[in-house]
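Architecture at a glance
So you can see what is in the structure, the chains are spelled out below.
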Amino acid sequence: MADFPENLKYTTEHEWLDGSTPAVIGVTDVAAEALGDVVYLELPEVGATVEAGAVVGEIESTKSVSELYSPVSGTITEVNSEAVDNPEIVNQDPYGKGWLFKVEVTGTGELLTAAEYAAHTGS
C-alpha cells in the first residue's frame, strides 16, 4: 500500500500541493512511477495566471508525454529550475526536491486528502 504525505492535498490527475503561501505543486509518486523515467519538463512561466484544472505544462518520459494540470487558480511565482535542468529528480524525490512550481493561490479546484487519494488510486 502506498503511503501519501498527510500534510498534502491531491488531485485525481495525480498532482499534489502543500498548504504554504505560495503553494508548492508537484506530481505524486504514483504519477512518477507510471510515467517511467522523466526526461523533460515543460512548466508554466513565472507571472503566468493559471486556472484550477487547466493544463499548464507537460511531463515527458521515456514512455509517454503527459499533461500537467494546476490544482489551483492563481499566479505562478516560481518554477523549479533544478527539476527543469535535471528532470529525473521528479522520479527520485517527487514530494521534495522534485516539486515543479509555486502558485500564489486565488482559488482551488477539487482536492483530495491523502486517504481519498489513496482510495482513488487503489493504493
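The coordinates are above.
One structure accompanies this document, and this report is about it. (Residues numbered from 1 in each chain as written. Predicted model: local features only at pLDDT ≥ 70, side-chain atom pairs only at ≥ 80, totals over all residues. Heavy atoms only, no water.)

Looking at the sheet that holds strand β4 (residues 38-42)
What counts here: Pairing between strands is defined by DSSP: at least two bridges between them are needed. Note on conventions: DSSP H or I runs of at least 4 residues are helices, E runs of at least 2 residues are strands, and numbering of each starts at the N terminus. Each axis is a line fitted through C-alpha atoms, taken for helices only over the stretch in contact, and angles between the N-to-C directions span 0 to 180 degrees.
Taken together, three strands build an open sheet; the order of strands is β4-β6-β7 and the sheet is antiparallel. The open sheet has two free edges, formed respectively by β4 and β7 (65-69), since each of these has just one partner strand. The sheet shows a mean angle of 25° between the axes of neighbouring strands, taken without regard to direction. In the sheet, β4 pairs with strand β6 (residues 55-61) via four bridges, with the strands oriented antiparallel. Residue pairing across strands places Tyr40 opposite Glu60, the latter belonging to β6.

Examining unusual backbone geometry
Note that the residue after Thr21, namely Pro22, is joined by a cis bond; omega there is -5°. With respect to the helices and strands, the residue Pro22 is situated in the loop between β2 (15-17) and β3 (23-27). In this structure, His14 takes a positive phi of about 80° despite not being glycine. With respect to the helices and strands, the residue His14 is situated in the loop between β1 (9-10) and β2.

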